[in-house]
Amino acid sequence: MEYFSKIEKSLAKLYQSWCNKLPQAIVPMPVSGSGRMYYRISEPEVSVIGVYNHNTSENEAFFHFTEQFQKNRINVPQILQISTNKHFYLISDLGNTTLFDRIKNENNIFNDDLILFYKRVIQELIRMQVIAGKNFDYSHAYPFKEFNKDAILFDLNYFREKFLDSLNIKYNDLKLRRDFNTLANEALKTDPEYFMFRDFQARNIMIFENEPYFIDYQGGRKGPLPYDLVSLLYQAKAQIPENTRELLMNYYINTAQLFVPLNKNEFEKDYNTFALIRVLQTLGAYGLRGIIEQKKHFIESIPFAVNNLLLINQKAEIIKKMPELENIIERIFLLEYNYNE
């Protein structure tokens, strides 16, 4: 077989070092929002996924997190081979079906079977956060070892720069930064002693042999419990109905209480605070990938994220303490309304 790029040649060589034969096919996989490049590498007996990522620190986080998850029997890919420079690696092939694919196949109808699978995912999330997260080694975490104030403000300013500025939405910079500090300080009141996946959403959950498997956790860090649940239940294009969100949040609380002490009212308050932070961060990502880079999927996701913001704006108590952000959110709704007109 002829390999057409330096990346393919390097992956073919790595594959050969793993199984003593050259692959018959190296097929690029769809590009995601990250800088990583994925390839399905195969010959008749076996198929694996080859990954290229020039960011060594991010790769090392993935390697070390995978090892710790496997020790705790969390369903993650097997790491099969790593290149000397750590820019290339091979992982097990978990197929093509994500939880998001299943949602689309169900036409975003959350029937009993889909809700049951979400409950299975939530069980595994709690195991990941609490059981694997106990005595977790964050020494290779990248770019942040914990979800501290710097990390929170990074996400909020990402929203300001990539979404607000890209749409030329005007604001008082000093007042907005003051509101961001208020929001960050509120979030920091929540116990941060658990593993935080960081991007726990349906596209990063593979369905393999009818079990959930987790990928793309290299951005994980030490953090609070509600953030990952928010990421799962407020994923924009999943369009989870509000009553289903409530059901699954309560299921999470009841299950997590078996492992850690939780006050339901306090958890719900924290949950809404982190929902606001997460949706603002998501809009920042959509601003970069959609508005700036003009990637269709991310442009299409913006109205769904704005709808989530509308719901959170009505529920998060903290919003009343942030007048500039509250005013900006009202203008975002108006912009979306005009766009649909």
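Right, let's walk through the structure included here. (Residues numbered from 1 in each chain as written. Predicted model: local features only at pLDDT ≥ 70, side-chain atom pairs only at ≥ 80, totals over all residues. Heavy atoms only, no water.)

## Description of the pairing of strand β2 (residues 37-43)
Our working definition: Note on exposure labels: buried denotes an accessible area under 20% of the residue type's maximum, exposed denotes more than 50%, and partly exposed covers the range between, all computed with a 1.4 Å probe on protein chains only. Under the DSSP-based scheme used, a helix requires at least four consecutive residues in state H or I and a strand at least two consecutive residues in state E, with every element numbered from the N terminus. Strand pairing follows a simple DSSP-based rule, namely that at least 2 bridges must link the two strands.
Of all the 7 residues making up β2, 6 are buried; the element is thus mostly covered by neighbouring parts of the structure. Pairing geometry for strand β1 (residues 25-28) and β2, over 4 bridges, is antiparallel. Among the inter-strand pairings, Val27 is bridged to a residue of β2, identified as Arg40. Here 7 bridges tie β2 to strand β3 (residues 46-52), and the two strands are oriented antiparallel to one another. What sits directly across from Ile41, in β3, is Val48. Here β2 folds back onto β3 in antiparallel fashion, the turn holding 2 residues.

## Some details on the packing of helix α5 (residues 149-164) against helix α9 (residues 264-292)
Relative placement of two packed helices is described by the angle separating their axes and the distance separating the axes. Keep this limit in mind: The axes used here are C-alpha line fits, helices contributing only the stretch in contact, and every angle between their N-to-C directions lies in the interval 0 to 180 degrees. Just so you know how the angles are binned, under 35 degrees is roughly parallel, over 145 roughly antiparallel, 65 to 115 roughly perpendicular, and the rest oblique. It is the rotation of the near helix from the far one that decides the hand of a crossing: anticlockwise by less than a right angle makes it left-handed, clockwise makes it right-handed. In this analysis, two residues are considered to be in contact whenever any of their non-hydrogen atoms come within 4.5 Å of each other. When residue character is reported, Ala, Val, Leu, Ile, Met, Phe, Trp, Tyr, Cys and Pro are called nonpolar, Asp, Glu, Lys and Arg charged, and the others, Gly included, polar.
Relative to each other, α5 and α9 sit at 40°, their axes nearing to 8 Å. By the criterion of interaxial angle, the relationship of α5 to α9 is oblique. Like other packed secondary-structure pairs, α5 and α9 cross with a definite hand, here left-handed. Of the residues in α9, those touching α5 at Ile152, Asp155, Leu156, Tyr158, Phe159, Lys162 and Phe163 are Ile277, Leu280, Gln281, Leu283, Gly284, Ala285, Gly287, Leu288, Ile291 and Ile292. Of the residues that constitute the contact of α5 with α9, the class distribution is 12 nonpolar, 3 polar and 2 charged.

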